[in-house]
Amino acid sequence: MKLTEQDLRLLEFSSYEDYLNSLVDGKSLQYFGDRENLISLFRTGYRALTKEAFEAQRTFLQVTKDPNTLFSRNISPEDPFLQELAKRERPNRLGLMSTIIYMRYMKKNTEISGYIDYEEALRRVHQDQQYSNNWKAIFAGEKVLYPTPVDLLYYNAKTGRSRKNNTRNYQILCDPLRGIIFRNMYDRKDILPDPVASFYGTNTSRTEIDSDLYEQVVLYDHVVRKNY
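Residues numbered from 1 in each chain as written. Predicted model: local features only at pLDDT ≥ 70, side-chain atom pairs only at ≥ 80, totals over all residues. Heavy atoms only, no water.

Draft legend 1. Main features of the pattern of salt bridges. This structure, assessed with the given rule, holds eleven salt bridges. Taking the shortest distance from any N to any O, the salt bridge between R88 and D221 comes out at 2.8 Å. Note that R88 is positioned in helix α6 (residues 80–94) and D221 in strand β9 (residues 216–223), a separation of 133 residues in sequence. The exposure class of R88 is buried, given its relative accessible area of 10%. The network of salt bridges with shared partners includes E84, K87, R88 and D221. (Salt bridge = Lys/Arg side-chain N within 4 Å of Asp/Glu carboxyl O. Helix = DSSP H or I, 4+ residues; strand = E, 2+ residues; numbered from the N terminus. Buried < 20%, exposed > 50% of the residue type's maximum accessible area, 1.4 Å probe, protein only.)

Below you can see the structure in the form of structure tokens.
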């Protein structure tokens, strides 16, 4: 992920207060009149990030700027699935590998299943964002990762609700013979998640993992050959 100057600007502030103060200018003061009232308004999220959003975004930017600073760093996951995700975090963040997670998860006696674009999910950490992920808590086993309506594919067995979403990494295609196909947007290679097939796509492997947390977990690892 390429960071913009506007992104990196958040890293210049050592505190949320410094960030809020940087937003105060003469024009705003003329309109609102009082600096403290203006700061209080900013705290609500008006033309500014809330404190929670600021801290989450700043943490994410620090990790993105330095791929060696990982959400899983200094955490030793106990579940085999989380151990495998930790191994794949850095290559996914660097764009060397692109992992698609297939899982079936029982939530309140309802099976939730679907496919997750791991790299995209790693970026979804903004706490004000719907379906954000607290990755440190996930790797520590304090929270559980499961498919949501904003992931690649989502299905709720109880309600019958389903969703599919293209991401920055994948376009979803439907082939009458091969079924669902995930086309990587960087090297244009297709990932074929057919569980009974022996070929899952060029530079793509399939790994099924036994996990105490899930009914079923499968990782499709695609080595990305970028064309630029």
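Draft legend 2. Spotlight on helix α4 (residues 35–43). Of all the residues in α4, the buried ones are L38, I39 and F42. Down the axis of α4, the buried side of the element spans an arc of 100°, and every buried residue falls inside it. Pointing more than 90 degrees away from the buried face of α4 are the exposed residues E36 and N37. For α4, the secondary structure elements touched by its buried residues are α2 (16–22) and α3 (26–32). Capping of α4 at its N-terminal end is provided by D34; its side-chain oxygen lies 3.0 Å from the backbone amide nitrogen of E36. Backbone geometry just after α4 places G45 at a positive phi near 105°. (Arc of directions from axis to C-beta. Contact = heavy atoms within 4.5 Å. Polar contact = N/O pair within 3.5 Å; in protein donor to acceptor, adjacent residues only side chain to side chain.)

Draft legend 3. Summary view of the nonpolar core. F81, L85, I101, M103, W135 and L145 are the most contacted members of the largest nonpolar core, which totals 21 residues. When residues of this core are traced back to their parent elements, those giving at least two are α6, β1 (97–107), α7 (118–123), α8 (135–139) and β9. When residues in this core are grouped by element, the largest group, four residues, is from α6. Ignoring any residue separated from it by four or fewer positions in sequence, one finds I101 in contact with F81, L85, G114, Y115, I116, Y118, L145, V218 and L219. (Core = buried A, V, L, I, M, F, W, Y, C linked by side-chain atoms within 4.5 Å.)

Draft legend 4. Here's a closer look at the sheet that holds strand β6 (residues 179–184). Strands sit in the order β5-β6-β7 across an open sheet of three strands; the sheet is antiparallel. Of all strands in the sheet, those bounded by a partner on one side alone are β5 (170–175) and β7 (190–191). As paired strands, β6 and β7 are joined by two bridges and run antiparallel to one another. Bridging from a neighbouring strand, F182 pairs with I191 of β7. (Pairing = 2+ DSSP bridges.)

Draft legend 5. Just α6, in detail. In this model α6 runs 23 Å from its N-terminal to its C-terminal C-alpha over 15 residues, within 8% of the 21 Å that 1.5 Å per residue would give. Considering bend angle alone, the principal kink of α6 is centred on R88 and spans about 40°; proline P91 follows within four residues of it. The set of residues buried in α6 consists of F81, L82, E84, L85, A86, R88, E89, P91, N92 and R93. A distance of 2.9 Å separates the backbone nitrogen of F81 from a side-chain oxygen at the start of α6, and that oxygen is part of D79. (Expected span 1.5 Å × (residues − 1). Bend = angle between axes of the 7 residues up to and from the residue.)

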